[in-house]
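Breakdown of the fold
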Amino acid sequence: LAKTTQPISMDSYEGQEVNITCSHNNIATNDYITWYQQFPSQGPRFIIQGYKTKVTNEVASLFIPADRKSSTLSLPRVSLSDTAVYYCLVGDALNTGGFKTIFGAGTRLFVKA
Amino acid sequence: DAGVTQSPTHLIKTRGQQVTLRCSPKSGHDTVSWYQQALGQGPQFIFQYYEEEERQRGNFPDRFSGHQFPNYSSELNVNALLLGDSALYLCASSLVRDGFNEQFFGPGTRLTVL
C-alpha cells in the first residue's frame, strides 16, 4: 500500500482557493487517488477520486501529474464550513480480493473570516 | 435513502467487558468496512466484509471480530475491552464498479472504556 504524506495543517481565508498537496511516491499502477473530508465527530465524506490528469466535480478539482507521485486537491472559494480535516488515500479500487483503506493523519484546514 | 446507519451512537463499558456495534450499509452496497478512530488521528482500518466473509484485515488483534449478514448489515465485536479501545468506530459501505470505489461512512459509534 502506498504511503501518503500531507501537510499537517493549513490556514486560509473565506473566498480564497485552497490547494492541498499529497505525496505518494510508491503509488502502484492500479492505484487510484481518493480524497475525503471529515468534520469533528462525523464519518469521513468522499470528495473526489482520480487516476490521472485532472478530475473536477461540483465541490473540488483533483490534479494528478503524469508521474502520479503526487496529487493536489483544489477547493475553490472556500467558506467557513470548509474547515475540516482532509485525507488523501491511495489504493487499488479494482482489487477483487478486497481492499484496505489506509488513512494518514490528514490535513487540518482552518478557514478564517 | 438512509445512507449508512450505526448503532448505538454512544456506549460506555468497563475494562474486560465485551461490546457489539452494528452497521447497516447504504442501500445497494454489498461491502462493509470497519475503522477505529482515536481522538486526533485518522481512521485505522480494522477489517472488511464481503459476501459474509472477512476478506481483508488491518493490524488489529483477534479480540476484534465481525460478522456480515445476508442483508449485508454487519456487526463489530470487541472482547476483553481495554482502555485503549476507547475511540470512534466507523462503518463504511461501498460497491465496486468500473474501477471506481467510493466509501460511504456512517456517523460512528463513540465507545468509552472506563
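For the structure, see preceding data.
In short, a report on the structure. Keep in mind that what you see is a predicted model, and the values were worked out from it rather than measured. (Residues numbered from 1 in each chain as written. Chains lettered and ligands numbered in written order. Predicted model: local features only at pLDDT ≥ 70, side-chain atom pairs only at ≥ 80, totals over all residues. Heavy atoms only, no water.)

Across its full length, chain A holds zero helices and nine strands. Ordered by position from the N terminus, the helices and strands of chain A form the series β-β-β-β-β-β-β-β-β. At 14 Å, chain A has a C-alpha radius of gyration in line with the 13 Å of a compact globule built from 113 residues. Out of the 113 residues in chain A, the part that is buried amounts to 46%. Taking all contacts inside chain A whose residues are at least 6 apart in sequence as the whole, residues at least 24 apart take part in 57%. Across chain A, the mean location of the 10 positive side-chain charges is 5 Å away from that of the 8 negative side-chain charges. (Helix = DSSP H or I, 4+ residues; strand = E, 2+ residues; numbered from the N terminus. Rg over C-alpha atoms; globule rule 2.2 N^0.38 Å. Buried < 20%, exposed > 50% of the residue type's maximum accessible area, 1.4 Å probe, protein only. Contact = heavy atoms within 4.5 Å. Lys, Arg positive; Asp, Glu negative; His and termini not counted. Charge placed at Lys NZ, Arg CZ, Asp CG, Glu CD.)

A few words now on the pattern of salt bridges. Residue and element names in this part refer to chain B. Counted by the stated rule, this structure contains four salt bridges over all chains. As a salt-bridge pair, Arg22 and Glu75 come within 3.4 Å of each other at their nearest N and O atoms. Here Arg22 is found in strand E3 (residues 19-24), whereas its partner Glu75 is found in strand E8 (residues 74-78), with 53 residues between them in sequence. In this structure Glu75 comes out as buried when scored by relative accessible area, which is 17%. Note that Arg57 and Glu54 form a salt bridge whose closest N and O atoms lie 3.1 Å from each other. Since its relative accessible area comes to 35%, Glu54 is described here as partly exposed. (Salt bridge = Lys/Arg side-chain N within 4 Å of Asp/Glu carboxyl O.)

All names here are of chain A. Taking strand neighbours across the sheet as the criterion, the five strands line up as E1-E9-E8-E3-E4 in an open arrangement whose pairing is mixed. Whereas interior strands pair on both sides, the edge strands pair on one side only; in this sheet they are strand E1 (9-13) and strand E4 (45-50). The sheet shows a mean angle of 25 degrees between the axes of neighbouring strands, direction not considered. The pairing of strand E8 (residues 84-92) with strand E9 (residues 107-112) spans three bridges and is antiparallel. What sits directly across from Val85, in E9, is Arg108. (Pairing = 2+ DSSP bridges. Axes fitted to C-alpha atoms, helices over the stretch in contact; angles between N-to-C directions.)

On inspection of all chains with the given rule, the structure shows 11 aromatic pairs over all chains. Between the aromatic rings of A:Tyr87 and A:Phe103, the centroid separation amounts to 5.2 Å while the plane-to-plane angle is 90 degrees, which identifies the pairing as edge-to-face. Placement of the pair is A:Tyr87 in strand E8 and A:Phe103 in the loop between E8 and E9, with a sequence separation of 16 residues. Of the residues examined, A:Phe103 reaches a relative accessible area of 5% and is grouped as buried. Taken together, the ring pairs in this structure connect A:Tyr36, A:Phe46, A:Tyr87, A:Phe103, B:Tyr35, B:Phe45 and B:Phe105 into an aromatic cluster. Positioned over the ring face of A:Tyr51 is A:Arg68, at 3.9 Å from the centre of the ring. Above the ring of B:Phe104, the side-chain terminus of B:Lys26 is found at 4.9 Å from the ring centroid. (Phe/Tyr/Trp six-rings, centres within 6.5 Å; stacked < 30°, edge-to-face > 60°. Lys NZ or Arg CZ within 6 Å of the ring centre and 35° of its normal.)

Glancing now at unusual backbone geometry. Here B:Ser7 and B:Pro8 are connected by a cis peptide whose omega angle stands at -10 degrees. Take B:Pro8: it is sitting in the loop between strand E1 (5-7) and strand E2 (10-13). One non-glycine residue, A:Thr53, lies in positive phi territory at about 55 degrees.

Glancing now at the sheet that holds E1(B). Residue and element names in this part refer to chain B. Here four strands make up an open sheet; going across it, the order is E1-E3-E8-E7 and the pairing antiparallel. On the outer flanks of this sheet lie E1 and strand E7 (64-68), each paired with one strand and no other. Strand-to-strand twist of the sheet, defined as the mean angle between neighbouring strand axes without regard to direction, takes the value 20 degrees.

Glancing now at the side chain of B:Arg63. Residue and element names in this part refer to chain B. Relative to the helices and strands, Arg63 resides in the loop between strand E6 (53-57) and E7. Looking at Arg63, its side chain comes within polar contact range of the side chain of Asp85, at 2.9 Å. Residues contacting Arg63, with those up to four places away along its chain left out, are Asn77, Val78, Asn79, Ala80, Leu81, Leu82 and Asp85. (Polar contact = N/O pair within 3.5 Å; in protein donor to acceptor, adjacent residues only side chain to side chain.)

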